Amino acid sequence: MTFLERALHYFFPRVGKAMLIMQTLFVKRALWQSIRTGLPVDGQGQPVPWITFPALDYLSQLDFSQSSVLEYGGGQSSLWWAARARTITTVEAREQWAKMLRDKAPENLRLIGPVEGSSYVETPLKEKRMFEVLIIDGLLRPECARAALPFLAEHGLLILDNSDWYAPLCSWLRSQGMMQIDFHGFGPVNNYTWCTSIFIRRQCAVPHRGSPWAASVYGNLVQPA
């Protein structure tokens, strides 16, 4: 803590606390950088999914190294998943994002796009492959979720972003035996809070990485062991 920060905490404790909150959100969580550039990134400038911070924190603690991922709606998230998963298939409708991914895609990232309409929904499912992770974060979200759910492995999970906008879809997923876990809060780029929901079956078995929370990133209060 700098001398100025210590002085603020001593003489103006509420102002000092507010400044630490702003530092955590805008600097450590890189909200300002993502607002400025329009690209979701972390404090080190690396790509992150455009989902809420609480959902990102939860997913960051899981081990996806043996998982195959199907993502509807590509971008920075595709690169984040490619760095963590065994394979990722991304379906994208917009040429801008599709071109960006083609230029940056590693070998384990398969891009489908730009495609729209029924091809957007059906193309990645033609091979009848099973996936450990389904990400519904692009166009035609109800149609994509309904079509892709049969290809979700029993032990896998489904991620629905902006779930607060899709109450009927959430209800349908719950009716299919999925348990809904909501992660509401701020996230990259946006100036408002929203909800990212993760849907799992009782057999969900994505392992935990076992890594401790990184105080430098999350702004945790560091306690002695």
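Look up: the structure comes first, before these words.
Structural notes, computed from the coordinates. Residue numbers run consecutively from 1 along every chain, following the written order of its sequence. In keeping with the predicted nature of the model, local features appear solely for residues at pLDDT of at least 70, side-chain atom pairs appear and are counted solely at 80 or more, and the whole-chain, interface and lining totals rest on all residues. The side-chain figures draw on all heavy atoms in the structure; neither hydrogens nor water molecules are used.

**Describing the overall build of the protein**
Rules: Helix numbers and strand numbers start at the N terminus; a helix is a DSSP run of H or I with at least 4 residues, a strand a run of E with at least 2. Note on contacts: a residue pair is in contact if any heavy atoms of the two residues lie within 4.5 Å. Throughout, the Shrake-Rupley method with a 1.4 Å probe supplies accessible areas, and for residues the shown protein chains are the sole cover considered.
If you tally the helices and strands in the protein, you get ten helices and seven strands. Taking all contacts inside the protein whose residues are at least 6 apart in sequence as the whole, residues at least 24 apart take part in 52%. For the protein, the accessible area works out to roughly 12000 Å², and carbon and sulfur atoms hold 57% of it.

**Looking at the environment of L152**
Selection criterion: Three exposure classes are used, based on accessible area relative to the maximum for each residue type with a 1.4 Å probe and protein chains only: buried under 20%, partly exposed in between, and exposed over 50%.
Mapped onto the secondary structure, L152 falls in strand β5 (residues 152–161). Exposure remark for L152: the relative accessible area of 2% places this residue in the buried category. Through-space distance from the C-alpha of L152 to that of V69 is 9.5 Å; in sequence the pair is 83 residues apart. Not counting chain neighbours up to four residues away, the residues in contact with L152 comprise M130, F131, E132, V133, L134, L157, L158, M178 and R201.

**Some details on the pattern of salt bridges**
Stated formally: A pair is scored as a salt bridge if a Lys or Arg side-chain nitrogen falls within 4 Å of a carboxyl oxygen belonging to Asp or Glu.
Following the criterion strictly, the structure yields six salt bridges and no others. In this structure, the salt-bridge partner of D57 is R29, at a minimum N-O distance of 2.9 Å. In this pair, D57 sits in helix α4 (residues 53–60) while R29 sits in the loop between α2 (13–28) and α3 (31–37), placing the two residues 28 residues apart along the sequence. R29 matches D57 in its accessibility class, with the two residues each being buried. Note that R110 and E127 form a salt bridge whose closest N and O atoms lie 3.7 Å from each other.

**Here's the deal with the sheet that holds strand β3 (residues 109–112)**
As a reminder of what qualifies: A pair of strands is considered paired only if DSSP assigns at least 2 bridges between the two. In this analysis, axes come from line fits to C-alpha atoms, helices being fitted only over the stretch in contact, and the angle between any two N-to-C directions falls in the range 0 to 180 degrees.
Strand order across the open sheet formed by seven strands is β3-β2-β1-β4-β5-β7-β6, with mixed pairing between neighbours. Each edge of the open sheet is held by one strand with a lone partner, namely β3 and β6 (179–185). Taking the axes of each pair of neighbouring strands and ignoring which way they run, one obtains an average angle of 15 degrees across the sheet. Of the strand pairs in this sheet, β6 and strand β7 (residues 194–200) are connected by seven bridges, and their pairing is antiparallel. Its bridge partner being in β7, M179 is matched across the sheet by I200. Its contacts with the sheet place α4 against β5, β6 and β7, and it is angled at close to 125 degrees to β6.

**Thoughts on the pairing of β5**
The cut-off we apply is this: Here a crossover is taken to be right-handed if, once the strands point away from the viewer, the path from the first strand over the helix to the second is traced clockwise.
Counting buried residues in β5 gives eight out of ten residues, a clear majority hidden from the surface. Here five bridges tie strand β4 (residues 131–136) to β5, and the two strands are oriented parallel to one another. Counterpart to I135 in the pairing with β5 is I159. Each parallel crossover has a hand, and for β4 linked through helix α8 (residues 141–148) to β5 it is right-handed.

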